[in-house]
Amino acid sequence: MALLQIEHLSFAFALSQSPVLQDISFDVEAGAFVLLCGTTGSGKTTLLRQLKKEIRPAGQQSGTIYYRGKPLDAHGENMVREIGMVFQNPDAQCVTGSVWQELAFSLENQQTQVSEMRRRIAEMVSFFGMEHLMDKPIQALSGGEKQMVALASVLLLRPAMILLDEPTAQLDPVAARSFLQFLKQVNEEFGITVLIAEHHTENVFAMADKVVFLQDGRVFAQGAPEAVCRALYEKPELRLFVPQVSAWFLESGKQGGVPFTVKEARQRGVTGSRRNRPVPAGTEQVLNCRGISFRYEKHASAVLQDLDLTLYQGELLALMGANGAGKSTLLKLLLGLEKPQRGKMKIGDGQRLGYLAQNPMLHFTHDTVRGEIYEYAKEIGTYDAAETERLVQRFGLEEVLDRHPYDLSGGQQQKTALLSVLLQRPTILLLDEPTKGMDAAFKEELAELLRQLKEEGKTILMVTHDIAFAECSADRCAMLFGGGITAQQLVAEFFADNYFYTTAYDKLREEQH
Amino acid sequence: MKQRHPITCLLYLAGTAAVPMLWLHPIVLVESVILLVLVNGLLDGGRQMKRNLGMMLILAAMFLLINPLFSHRGRIVLFNLWENPVTLESVVYGGLLALSLLSVLLAFLAGNVYLDADKWMYLFSRAAQKTTFALLLCMREIPVLRQRARQLHAVHRLKYKEERGGLRRRVSRGARELGALVSWSLEDALLAAQSMRARGYGLHRKRTFYFPYRFRREDALLCGFFVLTGAALLYLRLSGGLVFSVYPRMDLILWGVKPATACLLYGCYLITPVWLELEEWQKWRCFK
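Residues numbered from 1 in each chain as written. Chains lettered and ligands numbered in written order. Predicted model: local features only at pLDDT ≥ 70, side-chain atom pairs only at ≥ 80, totals over all residues. Heavy atoms only, no water.

### A short note on the overall build of chain B
At step 1: From N to C terminus, chain B includes 10 helices and two strands.
At step 2: In chain B, the succession of helices and strands from N to C terminus is α-α-α-β-β-α-α-α-α-α-α-α.
At step 3: Relative to its length of 288 residues, chain B is extended, with a C-alpha radius of gyration of 26 Å against a globular reference of 19 Å.
At step 4: Projecting the C-alpha coordinates of chain B onto the three principal axes gives extents of approximately 70 × 60 × 45 Å. (Helix = DSSP H or I, 4+ residues; strand = E, 2+ residues; numbered from the N terminus. Rg over C-alpha atoms; globule rule 2.2 N^0.38 Å.)

Structure follows, in structure tokens:
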């Protein structure tokens, strides 16, 4: 018998006519690792919330959810312990100030005795290997560490099943990978059932026992990863959700099982192709940094050391590098928010900088998207109403003009913020991780928008962790390491010369071996 | 001292603050100031003292000056200032007040180091559970808010850089920035509330409280020592003959068996952190 059975589940939010979920049925076997994916707004989050009584949104539900063969709501309050949940936002889901308080939080709610709590926390901390974090304030933790703490806090209740709502969306790829691997380990070693909503499907397909794909509130496909993969590949508009190596395999028409990892793909003799045709950079320098050095405090270690960077007119330069390598600091210096202690920074005549922050919420000050765009344009007086309207159409934001910016999807928020930056008529755009937390469809759209902006003569400097996005949108890539730029090359050369920090295509290329 | 149980720390703090406050005796006060400087230096290398030096000296100087200016009691007139007599007694009393204040401040500075926010929370939680938990949530929100405000401000400065505008526009923009901060925080608060509910908050009216402190044998010993010394000091203080009186007539007998005992006891009490540290250091040396 399956641990969880969902039968003909439909759900509509209160005061809304159109259902968000329609006739959803699937099973989750005990101990399985189930991936729930789908297009943005397909109801993944809403579905997960149906499974937890405490956070179920108000609305009309029909159909039945069985847990251990009994309707979910017929179970008592022990369900809080039985099914745990990890949320997307690392900052908001940690509610206390320090790590040990956060870990104890769920146990305290269960009125656990102090000696028992001490014991459980001790074993959990040892298992997670986070002794070094125990006394730190939550604020000082990285996003990945925060998500680990959130997971540990949920696991302390010893649940039979955990739900995860895009837990890695706000993390950089390195942290995301280690979080997912840890999750897989928890699943395998303890048989804890996992139901995870994700759009970084690239990594998760390989670990999942079962995949459920949602589209517009309905189950589009479900079953073994391979079957779902083939079903997705059949639909051109959903092809983006197929992991890259699997898509190449299906494209080649080869026989055999669909590969999900580079290793499997190599065994099946799959080769990739490059999608991007980068434009060789122009010769006119619009921004030039020479020998920049910077430290935040007198005795702190240098964040940037002797950094040289040149931006050419009309190019898109992707700046990559690990967390804490100084990427955001460099942007701050370019924007004049901080002053370098040494070095020269020259911005070409008539060049204006526009900055898109990592979190689009930072840009919003009005109650509606309309205000965010039209009123702002009027305030700073750069664009008239007709021009603004053309931009809005190009960004596909007409539909959401009267909504509150916070109610938009992540991609729409990002577009609104980008548009408001464009209203300042910048010639150089500085983008800080514009694809963070975004799904494949949005990335495609953004790459196209950026291409158009380049054609209009804008120069773009983009800080990103997203190798695949850099490959398909950038002209040149630069790697920030040890306070300086270590490599600055055209995209193809950059990834071809890299061995580990590179794209699936380059990993599959024969001549590397 | 930093490793000790909150109750031990609180007792120590109570003693170090109460004695100089209640006992204006020049020798006790001088001893207290010197030893507390030593303790502070040991606990955090005097970092906090350095940071607050100016404030402490100004406050002490104010006490030192204000008393003789406003109190004209006493027999020995030193000089007249604006037709008001300044007496030796009031100068001495002002000095004692200044020293007392200085010791109390130093005691709390040291307390800041060994009795951190978490330990205070533990102490509060014994008295008022719900309030403590609410406080915990609020305390976390302060640095979060500060960080958010900083980020928002940077983006908004860039958003309106080209144009300065009059006072009215600037005020309205500031208000909007504040509005953005509030709505963002509320948004996050909703998520936080869900995360709390998902982990069973509100299911039971009463929660337990976990703190990583254990009351060990050393704590019991220390607390016993603090209570005994405190009781002895209190007895000496109340038994009379030790009170250094300034008004109406200055008491010139500073020293005797009783004051000496009191000073010795209080000294031992004060330097507890020092010998705790020394013991630790000794252990380390033996280990090697």
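Read on for the rest.
### Let's talk about a negative patch on the surface
Residue and element names in this part refer to chain B.
At step 1: Negative charge collects at one region of the surface, where Glu218, Glu277, Glu279 and Glu280 lie side by side.
At step 2: Broken down by element, the residue count for the negative patch peaks at three residues, all from helix H10 (residues 272-287).
At step 3: Residue position: Glu280 is located in helix H10. (Patch = residues over 30% accessible without salt bridge, like charges linked within 9 Å, V, L, I, M, F, W, Y side chains within 5 Å. Areas by Shrake-Rupley, 256 points an atom, 1.4 Å probe, with all protein chains shown as cover. Salt bridge = Lys/Arg side-chain N within 4 Å of Asp/Glu carboxyl O. Lys, Arg positive; Asp, Glu negative; His and termini not counted. Charge placed at Lys NZ, Arg CZ, Asp CG, Glu CD.)

### Some points on the domain arrangement of chain B
At step 1: Domain boundaries assigned for chain B yield domain 1 (6-115 + 217-287) and domain 2 (122-198).
At step 2: Once you take the C-alpha centre of each, domain 1 of chain B and domain 2 of chain B turn out to be 41 Å apart. (Domains from an automatic or database assignment.)

### Points about the side chain of Ser10 of chain A
Residues and elements named next belong to chain A.
At step 1: As for its placement among the helices and strands, Ser10 is situated in strand S1 (residues 4-13).
At step 2: In terms of polar contacts, Ser10 uses its side chain to reach the backbone amide nitrogen of Asp23, at 2.9 Å.
At step 3: Non-local contacts of Ser10, meaning those with residues more than four positions away in its chain, are made with Leu21, Gln22, Asp23, Gln60, Gln61 and Ser62. (Polar contact = N/O pair within 3.5 Å; in protein donor to acceptor, adjacent residues only side chain to side chain. Contact = heavy atoms within 4.5 Å.)

### Quick look at the sheet that holds strand S19 (residues 484-490) of chain A
Residue and element names in this part refer to chain A.
At step 1: Strand order in this open sheet of six strands is S15-S16-S17-S13-S18-S19, and the pairing throughout is mixed. Each of the sheet's edge strands pairs with one partner strand only, and the pair in question is strand S15 (353-356) and S19. Along the sheet, successive strands turn relative to each other by an average axial angle of 20°, direction set aside.
At step 2: Across four bridges, strand S13 (residues 316-320) lies against strand S18 (residues 476-481) in parallel orientation. Among the inter-strand pairings, Leu317 is bridged to a residue of S18, identified as Arg476.
At step 3: Against the sheet, helix H15 (residues 410-422) contacts S15 and strand S16 (428-432), and its axis sits at roughly 165° relative to S15. (Pairing = 2+ DSSP bridges. Axes fitted to C-alpha atoms, helices over the stretch in contact; angles between N-to-C directions.)

### Looking at the interface of chain B and chain A
At step 1: In this complex, chain B contributes 49 residues to the contact, which on the side of chain A involves 59 residues.
At step 2: When the buried surface of chain B facing chain A is broken down by residue, Lys159, Arg199 and Tyr210 of chain B rank first, second and third, together holding 19% of it.
At step 3: On the surface where chain B and chain A come into contact, there are four salt bridges.
At step 4: Across the pair Glu102 of chain A and Arg199 of chain B runs a salt bridge whose closest N-O atoms are separated by 2.8 Å.
At step 5: Here chain B is connected to chain A by 26 residue pairs in polar contact (both at pLDDT 80 or more).
At step 6: Taken together, the residues of the side of chain B that touches chain A sort by class into 23 nonpolar, nine polar and 17 charged. (Buried area = accessible area lost by both parts, 1.4 Å probe. Nonpolar A, V, L, I, M, F, W, Y, C, P; charged D, E, K, R; others polar.)

### Description of a nonpolar patch on the surface
At step 1: Together, Ile58, Met62, Phe63, Leu64, Leu65, Ile66, Leu69, Phe70 and Trp82 of chain B make up a nonpolar patch on the protein surface, roughly 980 Å² of accessible area in all.
At step 2: Following the sequence through the fold, Leu69 of chain B ends up in helix H3 (residues 47-70).

### Side note on helix H7 (residues 167-198) of chain B
At step 1: For H7 of chain B, spanning 32 residues, the distance from its first C-alpha to its last is 47 Å, which sits close to the expected 46 Å at 1.5 Å a residue.
At step 2: Every buried residue of H7 of chain B is accounted for by Arg173, Glu177, Ala180, Leu181, Trp184, Ser185, Asp188, Ala192, Ser195, Met196 and Ala198 of chain B.
At step 3: Where H7 of chain B is buried, its residues meet helix H2 (79-82), strand S6 (83-86), helix H3 (90-93), helix H4 (99-109) and helix H13 (369-380) of chain A together with helix H6 (129-159) of chain B.
At step 4: Just beyond H7 of chain B, the residue with positive phi is Gly200 of chain B, at close to 85°. (Expected span 1.5 Å × (residues − 1). Buried < 20%, exposed > 50% of the residue type's maximum accessible area, 1.4 Å probe, protein only.)

### Some words on the side chain of Thr16 of chain B
All names here are of chain B.
At step 1: Looking at where Thr16 falls in the secondary structure, it is placed in helix H1 (residues 6-22).
At step 2: Of note is the side chain of Thr16, whose polar atom sits 2.9 Å from the backbone oxygen of Leu13.
At step 3: Excluding its chain neighbours within four sequence positions, the residues that come into contact with Thr16 are Ala107, Tyr114, Tyr266, Tyr269 and Leu270.

### Quick look at the state of the cysteines
At step 1: Enumeration according to the criterion identifies zero disulfides over all chains in this entry.
At step 2: There is no disulfide at Cys472 of chain A, and the cysteine sulfur nearest it, in Cys477 of chain A, is 11 Å away.
At step 3: Free cysteine Cys268 of chain B: the closest other cysteine sulfur is in Cys263 of chain B, separated by 11 Å.
At step 4: Note on Cys268 of chain B: relative accessible area 36%, which makes it partly exposed. (Disulfide = S-S within 2.5 Å.)

### Some points on unusual backbone geometry
All names here are of chain A.
At step 1: For Glu166, which is not glycine, the phi dihedral falls at a positive 45°.
At step 2: Within the chain, Asp306 stands out as a residue other than glycine whose phi angle is a positive 55°.
At step 3: Positionally, Asp306 belongs in strand S12 (residues 304-312).

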